Amino acid sequence: MRISDRLRKLKPSATLAVNAKAQELKAQGREVVSLAVGEPDFGTPDHVREAAKRAIDEGFTRYTPVPGIPDLRAAIAGYYGQFYGVCAKGENAIASCGGKQALYNLLMALLNPGDEVLIPAPYWVSYPAMVELADGVPVIVPTDPDSGFLVSVRDLESVCTPRTSVLLLNSPSNPTGGHYSQDALDEIARWARARGVFIISDEVYDRLVYEPAKPSTLSPMWQRHPESIAIVGALSKSFCMTGWRVGWTLAHPDLVKACAKIQGQSTSNVNSVAQKAAVAALTGPWTLVDEMKASFVRRRDLALEVIRSWPGVVCPKPDGAFYLFPVVEKYYTPDMPDSAALCTRLLEEAGVALVPGSAFGDDRCVRFSYAVADEVLVGALARVGKVLLGK
Ligand SMILES: Cc1ncc(COP(=O)(O)O)c(C=O)c1O
């Protein structure tokens with residue numbers, strides 16, 4: 001079969017691969033619990049579903065403008081006003097098919113061949129692949145559990161070259177749950193500006209930040225310097241709307257137009273019904289988010305206590321998202337030398353699916369998602385513990 005060279009180099013998404021393997025074992029009748037999930041276990045709020053039904057009944061089922069209906073673009077801009085006091089307009093927003101397409105559009109719009117993109121590791125699985133698809137060069141910047149897996153200006157400075165064009169920053173982070181304070185974000189943004197490095201700030205988990213930490217964002221900095229920052233958001237995680245596929249970019253109008261040009265030649269508008277649902281989600285009410293946060297805090301603490309009780313395991317306490325990313329390398333052996341081998345063993349012997357840290361650029365770790373019911377989480381962790389500790 002003829003397949004392009006570009007595609008031969010591309011790795012398939014590791015998180016999707018783990019879920020597929022878990023499904024395969026389930027189909028064989030094995031009991032498998034997936035802690036590999038990257039989506040909240042809550043349903044889409046009623047008022048959002050109602051808005052979608054209304055859109056269908058009213059026949060709102062045709063093509064829309066590529067960057068989204070004006071109501072949605074205004075609602076995206078309004079979101080940043082409501083939560084972060086940022087003054088944005090509809091022309092600063094483009095709705096895309098999830099945060100994923102927003103990121104892809106941006107990289108295609110910003111990169112020239114050979115441009116270097118700084119990606120702090122552990123990173124979200126798709127970043128390096130997306131950069132490569134856009135003919136850029138991913139430059140991985142390692143971080144450590146001691147710093148909560150957060151990158152510092154010094155780390156960034158040490159890998160910055162004249163070809164460095166973009167920094168891909170993600171807070172709260174998938175896979176670590178690490179969250180930058182507002183001061184830390186601002187310091188990085190000032191460094192990037194001084195170095196002429198454009199920041200793509202992936203804030204798709206921005207509503208899922210746990211007290212005493214406070215939500216942080218580069219949107220106010222964007223407002224001051226719209227030519228050097230773009231913000232990516234999505235309904236997927238914060239609003240339990242993964243399958244609706246609505247995300248967005250907040251950016252300078254020229255960059256929004258560039259993203260719309262790419263989208264217009266590839267996928268066109270986000271599904272029209274989902275756009276109406278998105279307007280309802282973005283304009284509230286927000287009760288589900290609070291409910292979800294309370295559950296996630298409880299589960300994070302519950303899981304953290306168990307994971308930290310395993311000898312030799314180090315796990316920073318995350319302030320956001322719904323993942324834990326413990327260092328488990330102490331359990332590697334010559335027969336089970338890396339995170340992928342450990343995950344395979346845990347899937348086969350404990351019946352628990354996790355994602356190997358290697359997928360996120362850190363082979364010392366594995367990713368646990370706690371977006372599952374409390375009793376499922378407790379049961380799964382007990383089974384993992386048994387296999388790890390050989391009990
Ligand atoms: C850090 C991060 N960015 C972007 C995305 C993409 O989100 P969406 O499902 O809205 O495309 C994800 C999804 O897992 C993510 O974890």
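Reading guide: rules and limits
- Residues numbered from 1 in each chain as written.
- Predicted model: local features only at pLDDT ≥ 70, side-chain atom pairs only at ≥ 80, totals over all residues.
- Heavy atoms only, no water.
- Helix = DSSP H or I, 4+ residues; strand = E, 2+ residues; numbered from the N terminus.
- Contact = heavy atoms within 4.5 Å.
- Domains from an automatic or database assignment.
- Buried area = accessible area lost by both parts, 1.4 Å probe.
- Salt bridge = Lys/Arg side-chain N within 4 Å of Asp/Glu carboxyl O.
- Polar contact = N/O pair within 3.5 Å; in protein donor to acceptor, adjacent residues only side chain to side chain.
- Pairing = 2+ DSSP bridges.
- Axes fitted to C-alpha atoms, helices over the stretch in contact; angles between N-to-C directions.

K.L.:
Any chance you could explain the environment of Ala340 here in plain terms?
P.N.:
Among the secondary structure elements, Ala340 is positioned in helix 13 (residues 339–350). Along the backbone, Ala340 and Cys365 are 25 residues apart, and their C-alpha atoms lie at a distance of 9.7 Å. With near-sequence residues (within four places) excluded, Ala340 lies in contact with Pro356 and Asp363.

K.L.:
I would appreciate a short explanation of the domain arrangement of the protein in the present structure.
P.N.:
How big an interface is tends to be stated in terms of accessible area lost as the parts join. With domains assigned, the protein is organised as domain 1 (5–43 + 287–389) and domain 2 (46–284). Distance from the C-alpha centre of domain 1 to the C-alpha centre of domain 2: 25 Å. Listed per partner, the contact involves 35 residues of domain 1 and 30 residues of domain 2. Interface of domain 1 and domain 2: buried area, both sides summed, is about 2700 Å²; carbon and sulfur atoms make up 64% of it. Our count for the domain 1 to domain 2 interface comes out at 1 salt bridge. Asp144 is paired through a salt bridge with Arg364; the nearest N and O atoms lie 2.9 Å apart. For the pair domain 1 and domain 2, the number of links is 13 residue pairs in polar contact (both at pLDDT 80 or more).

K.L.:
I keep staring at the sheet that holds strand 2 (residues 93–96) and nothing clicks. Help me out?
P.N.:
Sheets are built from strands paired through backbone hydrogen bonds, the pairs being either parallel or antiparallel. The 7 strands lie next to each other as 2-8-7-6-5-3-4, forming an open sheet whose pairing is mixed. Edge positions in the sheet fall to strand 2 and strand 4 (137–142), since each of these pairs with one other strand and no more. Going across the sheet, the axis of each strand differs from the next one's by a mean of 20 degrees, ignoring polarity. In terms of strand pairing, strand 3 (residues 116–121) meets strand 4 through 6 bridges, oriented parallel. When the sheet's bridge partners are listed, Ile119 is paired in strand 4 with Ile140.

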